[in-house]
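Here are the chains, one letter per residue:
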Amino acid sequence: MVKEIIRDVNLLQIKAEDAVKEDIDGVAQDLLDTLQANSHRCIGMAANMIGIAKAIIAVDTQAEARAMAANAAQGAGMAGLAATAGNGEGLLLMLNPRYTKKSPRTYSVKEGCLSLSGERVAERHQWVEVIYRDMQWQKRKQRFAGLTAEIIQHEMDHLAGILI
Ligand SMILES: CSCC[C@H](NC=O)C(=O)O
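Residues numbered from 1 in each chain as written. Predicted model: local features only at pLDDT ≥ 70, side-chain atom pairs only at ≥ 80, totals over all residues. Heavy atoms only, no water.

In the annotation of an unreviewed UniProt entry, the chain is listed under the name Peptide deformylase and assigned to Anaerovibrio slackiae. Quoted verbatim from the Sequence similarities (unreviewed entry) heading of the UniProt record, the comment on the chain is "Belongs to the polypeptide deformylase family." (UniProt positions renumbered as here; feature names shortened; annotations may be inferred.)

Asker: I would appreciate a short explanation of the state of the cysteines in the present structure.
Answerer: When the sulfur atoms of two cysteines share a covalent bond, that bond is a disulfide. Counted under the stated rule, the structure contains zero disulfides. For the unlinked cysteine C42, the closest cysteine sulfur is that of C113, found at 7.2 Å. (Disulfide = S-S within 2.5 Å.)

Asker: When you look at the environment of C42 in this model, what are you seeing that I'm missing?
Answerer: Take C42: it is sitting in the loop between α2 (24–37) and β1 (44–46). With 21 residues separating them along the chain, C42 and A63 place their C-alpha atoms 9.4 Å apart. Contact partners of C42, with chain neighbours within four places excluded, come to L35 and L114. (Helix = DSSP H or I, 4+ residues; strand = E, 2+ residues; numbered from the N terminus. Contact = heavy atoms within 4.5 Å.)

Asker: Please explain the nonpolar core as it appears in this structure.
Answerer: As a rule of thumb, soluble globular proteins bury nonpolar side chains together. Counting residues in hydrophobic clusters, the biggest one holds 26 residues, and the most contacted among them are L31, M45, I56, L93 and L95. Mapped onto this core, the elements with two or more residues apiece are α2, β2 (56–60) and β3 (91–102). Counting residues per element, this core draws most heavily on α2, at six residues. In this structure, A55, I57, V59 and Y132 belong to the second largest nonpolar core, which totals 16 residues. (Core = buried A, V, L, I, M, F, W, Y, C linked by side-chain atoms within 4.5 Å. Buried < 20%, exposed > 50% of the residue type's maximum accessible area, 1.4 Å probe, protein only.)

This is the structure we're talking about:
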C-alpha cells in the first residue's frame, strides 16, 4: 500500500528497531509500493519515511545507470532529452541491513531527501559491504559502489535516526 511521506523531524529521528519476518508482507511491501509510486522523484527510502521505525530500506539500483545516461546526454548537448526519472524497476529491498566493511576512502556530496527541504552535504564511503535479509528472508551479503552505495548509506543513516 502506498503510504504518506513523513516530514516531521522528531519522527524521522527515532531509531529503527530490527525487522521480523512478518514485516515482509506489511511494512516492507508498503515501502516498495511507496518508493515505486515516487520513483519519478526519489531513489531510496527508509521505513522511517513512511512512519515505521523498523530497519527496512528500499533502494533504486538503476538510479546510477540513469544518472550516467543523463550525464552522457548532457555532454552530447542533449540536456533535457535525458530521462532521469525511474519507473520503479530495479528496486532492492533490505531488511536489517548492517555494514560488514566500508571503503577507507570517502567523498563529500550534496544530497536531497523527500522528507526534507533543500540539499545538504554528506560524507560517503566509496563502497560498502552489507549483510541483510531479502524479501524471502534469505541472508545476503553484497558489496555496492557508486550511487547505489551512496543511497544505501543515506537510507541506513535514516534507520539510525541520522538526517543529512
Ligand atoms: C543520494 S541518496 C538520496 C536518497 C533520497 N531519499 C531519501 O531517503 C532521495 O532523494 O531519493
